[in-house]
2 protein chains.
Amino acid sequence: MATLRDVARLAGVSVTTASRVLNGTDRDHPVSDVARAAVSEAAATLGYRRSAAARALKNGHSHLIGVISADILDPYFAEMTRGIEIAAAQAGYVTVVANANRDPFQERSRFQALREHGAAGIIFCGSDIEGAPGTAELAREVNRALKEGTPVISLAPRSFASTTIVVDNEATAYDITVHLLTQGHEDIAFVGGLPGLAAAEMRIAGYRRAMYEHGKLPRVTGHHGMNQVTGHAATEALLAEPSIPDALICTNDESAIGALAAIWHAGLRIPDDIAIAGIGGTDTGRVFDLTSIELPLGELGRLAVECIVNPAAGVPSPPGYSIREGRTT
Amino acid sequence: MATLRDVARLAGVSVTTASRVLNGTDRDHPVSDVARAAVSEAAATLGYRRSAAARALKNGHSHLIGVISADILDPYFAEMTRGIEIAAAQAGYVTVVANANRDPFQERSRFQALREHGAAGIIFCGSDIEGAPGTAELAREVNRALKEGTPVISLAPRSFASTTIVVDNEATAYDITVHLLTQGHEDIAFVGGLPGLAAAEMRIAGYRRAMYEHGKLPRVTGHHGMNQVTGHAATEALLAEPSIPDALICTNDESAIGALAAIWHAGLRIPDDIAIAGIGGTDTGRVFDLTSIELPLGELGRLAVECIVNPAAGVPSPPGYSIREGRTT
DNA sequence: TTGTAGGCGTTATCAG
DNA sequence: CTGATAACGCCTACAA
């Protein structure tokens, strides 16, 4: 690999000058046109590429943004990640993605790896499970990072302290529930979630509040998963019960798609026999024209990157959401 | 941040000894138990974290594996990426993900960024479009990397030279087509693809070959997209035509899901009115019990990592595939 | 078994 | 406008 030294030598200037040209630092440290030209040409002929490692060593941090995702396969998080990646690339950063399965130990080891690599900031996608083993250790690690000046952003409710950019989970579920209630649905079941998972529990709380306020009895089922497979299974079980609900509110779009598949497989009509609504607003939901709470997933990612790249700007307030009325309700 | 020097000082040993303990290099360079203990303790109390930047600078490459994905939202590529991430983490590498939209210019700039960061290897997920502008520049860049010893792996047919691990796209489409044909379907249409996109064109070729061999007329539609939305649109258009086929083979599972949604929306029955098959074997397909060619996506990712982490082992032969018979045919 | 010293490629500082 | 030089944190010959 050609180094800055090589370029400087070939251009007949000092490494300092070469560095200034190649970094556009020639604002404050002017460089003659002839020198600039020589450096550019030398760099081109040598195929010079700067070393991120050396710069990171010098500057104390790299242009890396770390993402710790609960599940990179879940479109909900994938859309966030995509938003992060796009914004990061625009700002000249590259995105490091880690899969952590909501396991605090995995999260911590990935977090440490990211820190070792001098990440400029680390973003958590996905909330945590109350009291899960390893939570305290992770919190300690996050705390240290914060203390040392590395921004940590959470795009979901988390039990450790960090910059948080989230939409109000309780409110989303409340709103969608009220929406179905005013459409005339009476027996609305909630499908999906994970015991202790903050975001899911908040959604259930919102659902419950809406139901109580309208004098209906809440009914939470399939509280053991957040993906298509678990949504499918939970709905199948539900359909086998003596009384089936006339509408389903699912903890997220993925569960809703699973529910939709199950209802379709059972030969029932949507929404005539059972209506379905999700929370998320992912593309998959859109193709099935799923009624859902549309969350600005990519935008959340973009905002997180903003916080890292330009910390001075302060914490942005989370963007709003809206109800997308599809033909599943 | 505590440095190796600090740890050594606190432990009362030299940096060399500290380094040896902290890297497990004390195999070839034995360290006394007391020194080892002192170093470990010092590291712990100081909260020592090694600097990936410094190591990368010293070693000439970092423990980063780059992934350039056509679309990180597409489960097909996301499953590959997940496989890569898991294998990489196991080997002590972190995964850098870049989204490139099948645009050679974007691919090139991401590729360069990855190289600047000293990636140990770079993996391409998704094939390329014949003659797309920028292809030559990207090829040149890839060539340089190869020449300088950076492994480049392609998990899809690509026009530049690189280590390639792909299943036979032509054969997969041929097989699934024959499968439907022997089930008695006569008028089978092919849905989806992108003009010039290598993987898609190969699948179409396989479909054509099977149809010709069975004396049927091929019919390719919706040749302008590979995702759920385009699959949905193409199928809607198809259903509006005077004669509708009795089966659909979709270029990938995503298109197939889109097709399924369209047929469902149209009120037709699957497979009675129209059968559907995909190619991919992603989880979403599984939930809808889609008949599909099951590709070992995660495994492909794992193999790519293998190539990078352990180049001496040589290029693995691509794993096989199988037909998954669902209830959509 | 332990330590010393040089250098990886960059950039900031300071001196022309 | 230009350049010499000193770090940044780590690894590893080489020496003891």
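Residues numbered from 1 in each chain as written. Chains lettered and ligands numbered in written order. Predicted model: local features only at pLDDT ≥ 70, side-chain atom pairs only at ≥ 80, totals over all residues. Heavy atoms only, no water.

Concerning the environment of alanine 18 of chain A
Residues and elements named next belong to chain A. Stated precisely, the cut-off is as follows: Note on conventions: DSSP H or I runs of at least 4 residues are helices, E runs of at least 2 residues are strands, and numbering of each starts at the N terminus. Type-normalised accessible area, obtained with a 1.4 Å probe on protein chains alone, sets the label of each residue: buried when under 20%, exposed when over 50%, and partly exposed for intermediate values. Contacts are residue-level and defined by heavy atoms, with any inter-residue pair within 4.5 Å sufficient.
Within the element layout of this structure, alanine 18 appears in helix H2 (residues 15-23). Classification of alanine 18 by relative accessible area gives buried; the value is 0%. When the C-alpha atoms of alanine 18 and valine 34 are compared, they prove to be 12 Å apart, with 16 residues separating the residues in sequence. Once residues lying within four places of it in the same chain are set aside, the contact partners of alanine 18 are Leu4, Ala8, Val13 and Val39.

Observations concerning the relation of the copies chain A and chain B
Which entries qualify depends on this criterion: Alignment of the copies relies on least squares applied to C-alpha atoms, considering only residues that score at least 70 for pLDDT in both.
Expressed as a screw operation, the relation of chain A to chain B combines 0.0 Å of axial shift with a rotation of 180 degrees, fitting to an RMSD of 0.1 Å. The two molecules are tied by a two-fold rotation axis, judged by turn and shift. Taken as a fraction of all interface residues of chain A, those also at the interface in chain B reach 100%, which identifies the copy contact as same-surface.

Here's the deal with the UniProt feature "domain: HTH lacI-type" (unreviewed entry) in chain A
Under the convention used in this document: UniProt positions are given in the numbering used here, feature names are shortened, and annotations may be inferred rather than shown by experiment.
Under the feature "domain: HTH lacI-type" (unreviewed entry), the UniProt entry names residues 2-59 of chain A. Measuring from the first to the last C-alpha atom of residues 2-59 of chain A gives 21 Å, for a span that is 67% helix and 0% strand.

Brief notes about the domain arrangement of chain A
We apply this condition: Annotation comment: domain bounds sourced from an automatic or database domain assignment.
Taken domain by domain, chain A comprises domain 1 (4-50), domain 2 (61-166 + 298-318) and domain 3 (169-294). Put simply, the middle of domain 1 of chain A and the middle of domain 2 of chain A, counted by C-alpha atoms, are 36 Å apart.

A look at the protein's contact with DNA strand D
The following threshold applies: Near, as used in this document, describes a residue that has one of its heavy atoms within 4 Å of the molecule or strand being considered. Two N or O atoms count as a polar contact when they lie within 3.5 Å, although within protein this holds only if one can serve as hydrogen donor and the other as acceptor, and sequence-adjacent residues are included solely when both atoms are side-chain atoms. Any residue that is not Ala, Val, Leu, Ile, Met, Phe, Trp, Tyr, Cys, Pro, Asp, Glu, Lys or Arg is counted as polar, Gly included; the first ten are nonpolar and the last four charged.
Contacts to DNA strand D come from 22 residues, most closely from Thr16 and Ser32 of chain A together with Leu4, Tyr48 and Arg55 of chain B. When atoms of DNA strand D within 4 Å of the protein are split into backbone and base, the sugar-phosphate part holds 56%. Within the side chain of tyrosine 48 of chain B, one N or O atom sits 2.6 Å away from a phosphate oxygen of DNA strand D. Here a phosphate oxygen of DNA strand D sits 3.4 Å away from a polar atom, N or O, in the main chain of serine 51 of chain B. A class-by-class count of the residues in the surface near DNA strand D yields eight nonpolar, nine polar and five charged.

Quick word on the protein's contact with DNA strand C
Lining the immediate environment of DNA strand C, one finds 23 residues, of which Leu4, Tyr48 and Lys58 of chain A together with Thr16 and Ser32 of chain B sit closest. Backbone atoms, meaning sugar and phosphate, make up 64% of the atoms of DNA strand C lying within 4 Å of the protein. Contact between DNA strand C and serine 51 of chain A: a phosphate oxygen at 3.3 Å from a main-chain N or O atom of the residue. Among the secondary structure elements, those contributing two or more residues to the surface near DNA strand C are H2 and helix H4 (52-59) of chain A together with helix H2 (15-23) and helix H4 (52-59) of chain B. Residues of the surface near DNA strand C, tallied by class, amount to eight nonpolar, nine polar and six charged.

Things to note about the side chain of serine 255 of chain B
Relative to the assigned elements, serine 255 of chain B resides in helix H11 (residues 253-265). Those residues within four positions of serine 255 of chain B in sequence are excluded, and the remaining contacts are Val191, Gly225, Met226, Asn227, Gly231 and Cys250 of chain B.

Examining the packing of aromatic side chains
Put simply, the test is: When the centres of two rings from Phe, Tyr and Trp lie within 6.5 Å, Trp using its six-membered ring, the rings pair. Their planes under 30 degrees apart give stacked, over 60 give edge-to-face, and anything left gives tilted. The rule is short: NZ of Lys or CZ of Arg within 6 Å of the ring centre and within 35 degrees of the ring normal puts a charge over the ring.
Under the criterion given, the structure shown has 11 aromatic pairs over all chains. Note on phenylalanine 111 of chain A and phenylalanine 124 of chain A: the rings are 5.9 Å apart at their centroids and 20 degrees apart in plane angle, and the pair reads as stacked. Placement of phenylalanine 111 of chain A in helix H6 (residues 104-116) and of phenylalanine 124 of chain A in strand S3 (residues 121-125) is noted, with a sequence separation of 13 residues between them. What makes phenylalanine 111 of chain A buried here is its relative accessible area of 0%. Three or more aromatic residues link up through ring pairs in this structure, and these residues are Trp264 and Phe288 of chain A together with Trp264 and Phe288 of chain B. A cation over an aromatic ring shows up here: arginine 209 of chain A above the ring of tyrosine 174 of chain A, its NZ or CZ 3.9 Å from the ring centre.

Here's the deal with unusual backbone geometry
Geometrically, the link from isoleucine 270 of chain A to proline 271 of chain A is a cis peptide bond, its omega value of 5 degrees lying close to zero. Tracing the sequence through the fold places proline 271 of chain A in the loop between helix H11 (253-265) and strand S9 (275-280). One non-glycine residue, aspartate 289 of chain A, adopts positive backbone phi at about 55 degrees. Of note, aspartate 289 of chain A is situated in the loop between helix H12 (283-287) and strand S10 (291-294). Positioned with a positive phi, asparagine 101 of chain B is a non-glycine residue whose angle comes to about 55 degrees. For asparagine 101 of chain B, the position within the fold is in the loop between strand S2 (94-99) and helix H6 (104-116).

Digging into the pattern of salt bridges
Filter applied, for reference: Salt bridges are counted wherever a side-chain nitrogen of Lys or Arg sits within 4 Å of a carboxyl oxygen of Asp or Glu.
For the structure shown, the criterion picks out 46 salt bridges over all chains. The salt bridge partner of glutamate 85 of chain B is arginine 110 of chain A, with a shortest N-O separation of 2.6 Å. Highlighted residues: glutamate 85 of chain B in helix H5 (residues 75-90) and arginine 110 of chain A in helix H6, drawn from two different chains. With a relative accessible area of 4%, glutamate 85 of chain B lands in the buried category. Between arginine 286 of chain A and glutamate 294 of chain A there is a salt bridge; the shortest N-O distance is 3.1 Å. Among the charged side chains, a salt-bridge network with shared partners connects Arg49 of chain A together with Arg108, Arg115, Glu141, Arg144 and Glu148 of chain B.

Some thoughts on the interface of chain A and chain B
Where interface size is quoted, it is often the accessible area lost as the parts come together. What counts, and what does not: Two parts placed together each lose some accessible area under a 1.4 Å probe, and adding up what both lose gives the buried area.
On the side of chain B, 51 residues touch chain A, which itself brings 51 residues to the contact. Both sides of the chain A and chain B interface together cover about 4600 Å² of buried area, and 65% of this is carbon and sulfur. Sorting the residues of chain A by area buried against chain B places Arg49, Leu73 and Trp264 of chain A first, and these three jointly supply 16% of that buried surface. Counting the contacts that link chain A with chain B gives six salt bridges. In this structure, the salt-bridge partner of glutamate 116 of chain A is arginine 50 of chain B, at a minimum N-O distance of 3.3 Å.

Here we look at the state of the cysteines
Each disulfide consists of one covalent bond between the sulfur atoms belonging to two cysteines. Residue and element names in this part refer to chain A. In plain terms, the rule: Cysteine sulfur atoms that pair up within 2.5 Å are treated as a disulfide.
For the coordinates displayed, the defined rule picks out zero disulfides over all chains. With no disulfide partner, cysteine 307 has as its closest neighbouring cysteine sulfur the one in cysteine 125, 13 Å distant. Owing to a relative accessible area of 8%, cysteine 307 belongs among the buried residues under this scheme.

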